[in-house]
Amino acid sequence: MPFTRTIMLTMAGVSLLIPSLRADTDTNRETERLTCMDVIMTRRSIRRFRPDPVDRETLRHIVKAGSYAPSGGNRQPWEFIVVDTPALVDQVYPHVRWLGGDPPVGQRPTAYIALLLQDGTRHASSGGAAFQNMMLAAWERGVGSCCIGSIDRDQVNALLEVPPELHLFVILALGYPAEDPAVHETAESLRPTRDEHGVLHVPKRPLEDLIHFDRFTPPQE
Ligand SMILES: Cc1cc2nc3c(=O)[nH]c(=O)nc-3n(C[C@H](O)[C@H](O)[C@H](O)COP(=O)(O)O)c2cc1C
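Source: prediction; values computed, not measured. (Residues numbered from 1 in each chain as written. Predicted model: local features only at pLDDT ≥ 70, side-chain atom pairs only at ≥ 80, totals over all residues.)

Peer 1: Even after reading the chapter, I still don't get the sheet that holds strand β6 (residues 166-175), so can you show me in this structure?
Peer 2: The pairing of strands in a sheet comes from backbone hydrogen bonds and takes either a parallel or an antiparallel form. Pairing in this open sheet of four strands is antiparallel, and the strands run β3-β4-β6-β5 from one edge to the other. Looking along the sheet, the strands with just one partner apiece sit at the ends: β3 (78-83) and β5 (144-148). Neighbour-to-neighbour, the strand axes of the sheet open up by a mean angle of 20 degrees, direction not taken into account. As defined by bridge partners, strand β4 (residues 111-118) adjoins β6 across eight bridges and the pair is classed as antiparallel. Bridging from a neighbouring strand, Leu 115 pairs with Val 170 of β6. Helix α2 (residues 56-67) contacts β3 and β4 of the sheet and is inclined by roughly 165 degrees relative to β3. (Pairing = 2+ DSSP bridges. Helix = DSSP H or I, 4+ residues; strand = E, 2+ residues; numbered from the N terminus. Axes fitted to C-alpha atoms, helices over the stretch in contact; angles between N-to-C directions. Contact = placed C-beta atoms within 7 Å.)

Peer 1: Even after reading the chapter, I still don't get the nonpolar core, so can you show me in this structure?
Peer 2: Burial of nonpolar side chains together is a common tendency in soluble globular proteins. Core analysis: the largest hydrophobic core is formed by 36 residues, its most contacted members being Tyr 112, Ile 113, Leu 115, Met 134, Leu 172 and Leu 174. Mapped onto this core, the elements with two or more residues apiece are α2, β3, β4, α4 (124-140), β5 and β6. Each residue touching Leu 172, except ones within four places of it in the same chain, is listed here: Tyr 112, Ile 113, Phe 131, Met 134, Met 135, Ser 145 and Cys 147. (Core = buried A, V, L, I, M, F, W, Y, C linked by C-beta atoms within 7 Å. Buried ≥ 20, exposed ≤ 12 C-beta atoms within 10 Å, placed from the backbone.)

Peer 1: Can you walk me through the sheet that holds strand β7 (residues 182-185) in this structure?
Peer 2: In space, the three strands of this open sheet follow the order β7-β9-β8, with mixed pairing throughout. Every interior strand has two partners, whereas the edge strands, β7 and β8 (193-194), have only one. One ladder, built from four bridges, connects β7 with strand β9 (residues 200-204); its direction is parallel. Paired with Ala 182 across the two strands is His 201, which belongs to β9.

Peer 1: Explanation requested: the packing of α2 against α4 in the structure shown.
Peer 2: For any two helices packed against each other, one specifies the crossing angle of their axes together with the interaxial distance. α4 packs onto α2 with a crossing angle of 145 degrees between their chain directions and a minimal axis gap of 7 Å. In terms of crossing hand, the pair formed by α2 and α4 is right-handed. Contacts from His 61, Ile 62, Val 63, Ala 65 and Gly 66 in α2 reach Ala 130, Phe 131, Asn 133, Met 134, Ala 137 and Ala 138 in α4. (Left-handed = near helix turned anticlockwise from the far one by under 90°.)

Peer 1: Before we go on, may I ask you to explain the environment of Ala 178 in this structure?
Peer 2: Among the secondary structure elements, Ala 178 is positioned in the loop between β6 and β7. Sequence separation of Ala 178 and Arg 47 is 131 residues, and the distance between their C-alpha atoms is 8.2 Å. Residue contacts for Ala 178: discarding those within four places in its chain leaves Arg 48, Phe 49, Arg 50 and Gln 107.

Peer 1: Could you clarify how one ought to interpret α4 in this entry?
Peer 2: An α-helical turn contains 3.6 residues, so any two residues separated by three or four positions project in the same direction. Between its first and last C-alpha, α4 extends 24 Å over 17 residues, near the 24 Å set by a 1.5 Å rise per residue. Within the span of α4, buried status applies to Ser 126, Gly 127, Ala 130, Phe 131, Met 134, Met 135, Ala 137, Ala 138, Trp 139 and Glu 140. Of the surrounding elements, those touching the buried residues of α4 are α1 (36-42), α2, β3, β4, β5 and β6. (Expected span 1.5 Å × (residues − 1).)

Peer 1: Explain the pairing of β6 here, please?
Peer 2: If a strand is regular, its side chains alternate between the two faces of the sheet. Burial of β6 is extensive: eight of the 10 residues sit out of reach of the surface. In this structure, β5 lies alongside β6, joined through five bridges in antiparallel fashion. Across the sheet, residue Ile 148 finds its bridge partner in β6, namely Ile 171.

Peer 1: Would you explain unusual backbone geometry in this entry?
Peer 2: With the exception of glycine, most residues fall at negative phi, and the peptide bonds are largely trans. With a phi angle near 45 degrees, Gln 76 is a residue other than glycine that sits in the positive phi range. If you trace the backbone, Gln 76 turns up in the loop between α2 and β3. In this structure, Glu 161 takes a positive phi of about 55 degrees despite not being glycine. Along the chain, the position of Glu 161 falls in the loop between α5 (153-160) and β6.

Peer 1: What is the right way to look at the confidence of the model for the protein chain in this model?
Peer 2: Close inspection of predicted coordinates is inappropriate for parts of the model with low pLDDT. Across the protein chain, pLDDT averages 88, with 86% of residues at or above 70. In the model, residues 1-30 has pLDDT below 50 throughout and makes 53 contacts with residues more than four positions away in sequence or in other chains. (pLDDT = per-residue confidence, 0-100.)

Peer 1: Just to check I follow, could you spell out the environment of Ser 189 for this structure?
Peer 2: On the secondary structure map, Ser 189 appears in the loop between β7 and β8. Spatially, the C-alpha atom of Ser 189 lies 7.3 Å from that of Pro 203, the residues being 14 residues apart in sequence.

Peer 1: What is the right way to look at the pairing of β9 in this model?
Peer 2: In this structure, β8 lies alongside β9, joined through two bridges in antiparallel fashion. Looking across to β9, one finds that Arg 194 is bridged to Leu 200. The turn linking β8 back onto β9 is made up of five residues, and Gly 198 within it adopts a positive phi angle of 85 degrees.

And the structure:
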C-alpha cells in the first residue's frame, strides 16, 4: 500500500493541497513527486506517531542523506546510531523532552537516529546540515521527525555506548506521522502551541520581517 498523505499548508491566507510521497519507491508513478521546496515548506516537526515501524532500508536512506550534507573542510565529522529495536526505543524515550506535551503511549516514536559529532560542538554547523538533510529525506518518504536537543545525555550516552570522544549532538525522533501541525506566518509569539483539539500551531516569522537587500535595514516603527 502506498503511503499517501495530504497536507494542508496555510500560509499568508493561501491554502495549498500537497500530496506527499510514500515509503515505497516502486509506487512513485501513483503519486506526485514533491519538489525540494514542497518538502522544505511542508515539513513540520512531528511529535505524535503511528505505531507502524519505519523499515531499515528507509532508515539507511535517511542516514545516507545526512552523510551527504556539506561539512566544514569536508571533514564529515559525524557518526549516526540508528535505534529501531523496540525495547531500546522504549528505553531512549524517557531521556528526551518534548515541546507542547509528551506523546501518549501508542503515539511515541518508533525509531531514533542519534547524531554524534567529533570535537564537541566545534562542528555544530555541519551537524545542523546533516540533521536537516535527514529530516527532509524522511519527510519526502512520508516519515515524520523531530530534532531533539533537550536530551539527558549521560543516560543516552550510556544506553547507546557512545564513546567519550564523540558528542551526542541531537537525536532525531522518527515515525509515520499521527498529527498534522499547522503553520502560521505571524510576527507575534513564536512559541508553538497545541490547541484544544491537539493540533500544534507553529508560528513562522514573515519573510518581509527578516529579509534585507544589500544592507541591513532596521524595522520600521
Ligand atoms: C537544534 C534543535 C533542537 C530542538 N530541540 C527540540 C527538543 O528538545 N524538543 C522538541 O520537542 N523539539 C525540539 N526542536 C524542534 C523545534 O521545536 C521546531 O523545529 C520548531 O518548533 C519549529 O517547528 P517546525 O520544525 O515544525 O518548523 C528542536 C529543533 C532544533 C533545530
